[in-house]
Structures are given as structure tokens and as C-alpha cells.
Amino acid sequence: MQLGIYSFGDTTPDPVTGAVLPAARRLRDLIEEIELADQVGLDVFGLGEHHRPDYVVSAPAIVLAAAAARTRRIRLTSAVTVLGSEEPVRVFQQFTTLDLLSEGRAEIMAGRGSFIESFPLFGLDLNDYDALFAEKLDLLLKLCAAERVTWSGRHRPALHDQPVYPRPLQSPLPVWIAVGGNPPSAVRAGTLGLPMALAIIGGEPARFAPLVALYREAARRAGHDPAGLAVGINSHGFIADDSQDAADTAFPYYADVMGRLGQERGWPAYTRPRFEASRSPRGADFIGSPQQVIDKILAQREIFRHDRFLLQLSLGTMPHGRIMRAIELYGTVVAPAVRKALR
């Protein structure tokens, strides 16, 4: 199993002091986090695309390119690219450039996105939300498959035997489909024979097992071997030397972020009992000591038989030093134990 991290580059106010990190400082911290993840032997680092004041990463490929110069082994991916509001040719060119700079370590995780700010920003109609994603994914896959592309659709000009450069070192450039619990999205990923990254950020993870089964069945029906298709799980979490310290450190940031998002989306209040339930063995969050996180990763492996696990360690702008320690524990304690158990 590949083990890694993803981040949105949070720039939320500190729930205690109200201070907000300058964007330049947050980006410098983020590069240090990716560099440390590489040094401690983690496999993947992903950056999500957002266009809001509480996240600093609106251009994942640029930040990942900066990280490519500071790392040697770790794979670098978007998490996610909001493909419906992007230009597929430019996405392809940006990530092939990243692939060349990183000597073959780039990936694209394409999704419809859980936020919609990018659609009015780029002049797109939300009524076309799903159609835009389907059409642009089709073009992106054609760009990955061949140097010269002939393609037509409703939402961008057609291409007629158009060469597109540069070409990546990896052939084809890896494209994952990010799914947030929507069954048609899982079916689409399976039908296309693409790896699926499933976000589990609430509820009981075991309840998502039918979605993974649906993905594999869709792949089988489309003529793909499900055994050859990777499944990734993306979840929230935080690691500290002591379980109670991990919980006490993380809770104010979780309460702040989930509370503000809850006000936007009509969710119930985020309480400490709810937080504790979510970090329990049957909950979605991986918050605790290294051994608790090890046990939970292995327990979910029994449910999903997945190939990749990515942990969002910084929900809210948690102190940089604490995130660095969490990355260190993840890479030097959690990852070796999980790999040993799976061997």
C-alpha cells in the first residue's frame, strides 16, 4: 500500500488568537512539509485546488513543481484538480511539465470538486456541472493517450489532428478519478478503467464498502480486470506521540473548520462528542497515537483492500511544528509498521 498526505494549504484564522498566516509563509511551510514527507519515506503528496480565502493553493501544479526541486522520490499529485472548470489542454501541459521536472513522479487526481467557486470565477454555468466534467475528462484522457489529438465537444473548440506538447516521461501520465460518495462517479471511474480515490471524511467507513464494490463491478462489466485497478482512500487525521494530546491539539481546528463549513452547508453543530466518535475505531478520522493510526489503517484495509491511503494532516492552519512532527511519526513509525504487517 502506498501511504501519503494531502493538503489544501489552509490559511484559516487560528481559533485561539485569530491570527492568519500570510500566504507566502503558508506556502513556504507547505514546501517544507512536502520535503519532510519525502525524507521520511512517504510515497505520495497531494495538493487540492481551491479558490477561496481559507486555502492558499489555487494552482497545485505550480506548488508541486516547487516541491519537485526539493524532493527525490515522493510522487506528486493534485488532490484534486477541479477538471470541470479547468482547460484540459493546460492541465495536461502543466502536469507533463511537472512530470519532466520531477523525473516521472507526477499524477493528476481529477474530480468534480466539493466547492463551486471556480465555476463563476471562470465564467461557467453550474447547470453544466456534470457535463463539463465528463467532456473535459474525455479530452484529458485523449491527450494522455496520444501526441496528436482529434476531438470535439460542446464546451470548448474542437481539435483536429492537433499535436500537444510537452509529452510526459510516464506513458500514459497517471490520472485518478476522485469520488466523494457519488455512485455514478464510482461507476464512471470503473467503466473507464481508471484508479479511484475515495474521500471518506465522515460517517462510518464500512458503509462505503458497497461503493468500492460498485466501482470494481463496473470495471469488470466494461472488460477491465478489477485486480489491476488501484483504489485509494483519502481521510482526515492528525498524529501525535500521545493520543490525548493528538485529540486536544486537533479539536479546536476541526471545530473551527467544520463549524464554518457547516454554516455554509446547513450541517449540525460540530461538538466534542461528535469529534470523539469520528476518531473512534469505527469512525472516519485518523486522530491519535501512531499505534491507533496503524490499527485503523490495517482495519480499513480489511474492508476495502485498497492500494493507497492519503491523510489530510492539516484541517485548518494547525501549527507548522506540530504538522512536521505528525509527518515524522507517519513516515518513521506508522508507515514501516503498516508495510511490515501487509508483507
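The present account deals with the structure reproduced in this document. (Residues numbered from 1 in each chain as written. Predicted model: local features only at pLDDT ≥ 70, side-chain atom pairs only at ≥ 80, totals over all residues. Heavy atoms only, no water.)

1. Topic: the pattern of salt bridges
Side chains that differ in sign of charge can pair as their charged atoms come close.
Then, in step 1: What the rule picks out here adds up to 27 salt bridges.
Then, in step 2: For Arg52, the salt bridge identified is with Glu117, shortest N-O distance 2.8 Å. Taken together, the positions of Arg52 in the loop between β2 (44-47) and α2 (60-68) and Glu117 in the loop between β5 (106-111) and α4 (118-121) put the pair 65 residues apart, joining distant regions of the chain.
Then, in step 3: Taking relative accessible area as the criterion, Arg52 reaches 10% and is therefore assigned buried.
Then, in step 4: Owing to a relative accessible area of 28%, Glu117 belongs among the partly exposed residues under this scheme.
Then, in step 5: Notably, a salt bridge pairs Arg52 with Glu264, separated by 2.9 Å at the nearest N-O pair. (Salt bridge = Lys/Arg side-chain N within 4 Å of Asp/Glu carboxyl O. Helix = DSSP H or I, 4+ residues; strand = E, 2+ residues; numbered from the N terminus. Buried < 20%, exposed > 50% of the residue type's maximum accessible area, 1.4 Å probe, protein only.)

2. Describing the side chain of Arg105
Then, in step 1: Tracing the backbone through its elements, the reader meets Arg105 in the loop between α3 (88-101) and β5.
Then, in step 2: For Arg105, which is buried and forms no salt bridge, the nearest opposite charge comes from Asp38, at a distance of 5.1 Å.
Then, in step 3: A polar contact of 2.9 Å, which involves the side chain of Arg105, links it to the side chain of Thr71.
Then, in step 4: Sequence-distant contacts of Arg105, defined by excluding residues within four places in its chain, comprise Ala68, Thr71, Arg72, Arg73, Ile74, Arg75, Leu76, Asp99 and Gln170. (Lys, Arg positive; Asp, Glu negative; His and termini not counted. Polar contact = N/O pair within 3.5 Å; in protein donor to acceptor, adjacent residues only side chain to side chain. Contact = heavy atoms within 4.5 Å.)

3. A closer look at the packing of aromatic side chains
Then, in step 1: As enumerated under the stated definition, the model contains eight aromatic pairs in all.
Then, in step 2: Centre to centre, the rings of Phe8 and Tyr55 are 5.5 Å apart; their planes meet at 85°, and the pair counts as edge-to-face. One end of the pair, Phe8, is in the loop between β1 (2-7) and α1 (23-39); the other, Tyr55, is in the loop between β2 and α2, and 47 residues separate them in sequence.
Then, in step 3: A relative accessible area of 7% means that Tyr55 is categorised as buried.
Then, in step 4: Ring plane angle 50° and centroid distance 4.7 Å describe the contact between Phe286 and Phe309, whose orientation is recorded as tilted. Residue Phe286 is located in strand β11 (residues 286-288), and its partner Phe309 is located in strand β12 (residues 308-312); the two are separated by 23 residues in the primary sequence.
Then, in step 5: The buried category is assigned to Phe286, whose relative accessible area is 1%.
Then, in step 6: One aromatic cluster in this structure is built from Tyr6, Phe8, Tyr55 and Phe115.
Then, in step 7: Its guanidinium or amino end placed over the ring of Phe115, Arg265 lies 4.6 Å from that ring's centre, counting from NZ or CZ. (Phe/Tyr/Trp six-rings, centres within 6.5 Å; stacked < 30°, edge-to-face > 60°. Lys NZ or Arg CZ within 6 Å of the ring centre and 35° of its normal.)

4. Structural notes on helix α6 (residues 183-192)
Helical periodicity: at 3.6 residues per turn, an α-helix aligns residues three or four positions apart in one direction.
Then, in step 1: Taken together, the buried positions of α6 are Ser185, Ala186, Arg188, Ala189 and Gly190.
Then, in step 2: Buried residues belonging to α6 abut α5 (129-145), β8 (175-179), β9 (196-199) and α7 (209-221).
Then, in step 3: Positive backbone phi, approximately 70°, marks Gly193, located one or two places after α6.

5. Some thoughts on the packing of α1 against α2
Then, in step 1: For the pair α1 and α2, interaxial distance at closest approach is 9 Å and the crossing angle is 55°. The angle between α1 and α2 falls in the class oblique. The two elements α1 and α2 meet at a crossing, and its hand is right-handed. Contacts between α1 and α2 pair Leu27, Leu30, Ile31 and Ile34 from the former with Val63, Ala66 and Ala67 from the latter. (Axes fitted to C-alpha atoms, helices over the stretch in contact; angles between N-to-C directions. Parallel < 35°, antiparallel > 145°, perpendicular 65-115°, else oblique. Left-handed = near helix turned anticlockwise from the far one by under 90°.)

6. Let's talk about the environment of Leu100
Then, in step 1: Tracing the backbone through its elements, the reader meets Leu100 in helix α3.
Then, in step 2: The partly exposed category is assigned to Leu100, whose relative accessible area is 36%.
Then, in step 3: What Leu100 contacts, discounting residues up to four positions off in sequence, is Pro166, Arg167, Pro168 and Leu169.

7. Side note on the nonpolar core
Then, in step 1: One finds Leu42, Leu198, Phe238, Ile239, Leu313, Ile327 and Tyr330 to be the most contacted residues of the largest nonpolar core, which totals 107 residues.
Then, in step 2: A per-element tally of this core places helix α8 (residues 243-265) first, with nine residues.
Then, in step 3: Excluding its chain neighbours within four sequence positions, the residues that come into contact with Tyr330 are Leu3, Gly4, Ile5, Leu42, Ile239, Phe309, Leu311, Leu313, Ala335 and Pro336. (Core = buried A, V, L, I, M, F, W, Y, C linked by side-chain atoms within 4.5 Å.)

8. Some remarks on α8
Then, in step 1: For α8, spanning 23 residues, the distance from its first C-alpha to its last is 30 Å, which sits close to the expected 33 Å at 1.5 Å a residue.
Then, in step 2: Within α8, the axis deviates most sharply at Ala250, by approximately 35°, and proline Pro252 lies no more than four positions further along.
Then, in step 3: Within the span of α8, buried status applies to Ser243, Ala246, Ala247, Thr249, Ala250, Phe251, Tyr253, Tyr254, Val257, Met258, Leu261 and Gly262.
Then, in step 4: Where α8 is buried, its residues meet β10 (231-239), α9 (272-278), β11, α10 (290-304), β12 and α11 (320-342).
Then, in step 5: Sitting at the head of α8, Asp242 places a side-chain oxygen 3.1 Å from the backbone nitrogen of Gln244.
Then, in step 6: Residue Gly266 follows α8 closely and has a positive phi angle near 75°. (Expected span 1.5 Å × (residues − 1). Bend = angle between axes of the 7 residues up to and from the residue.)

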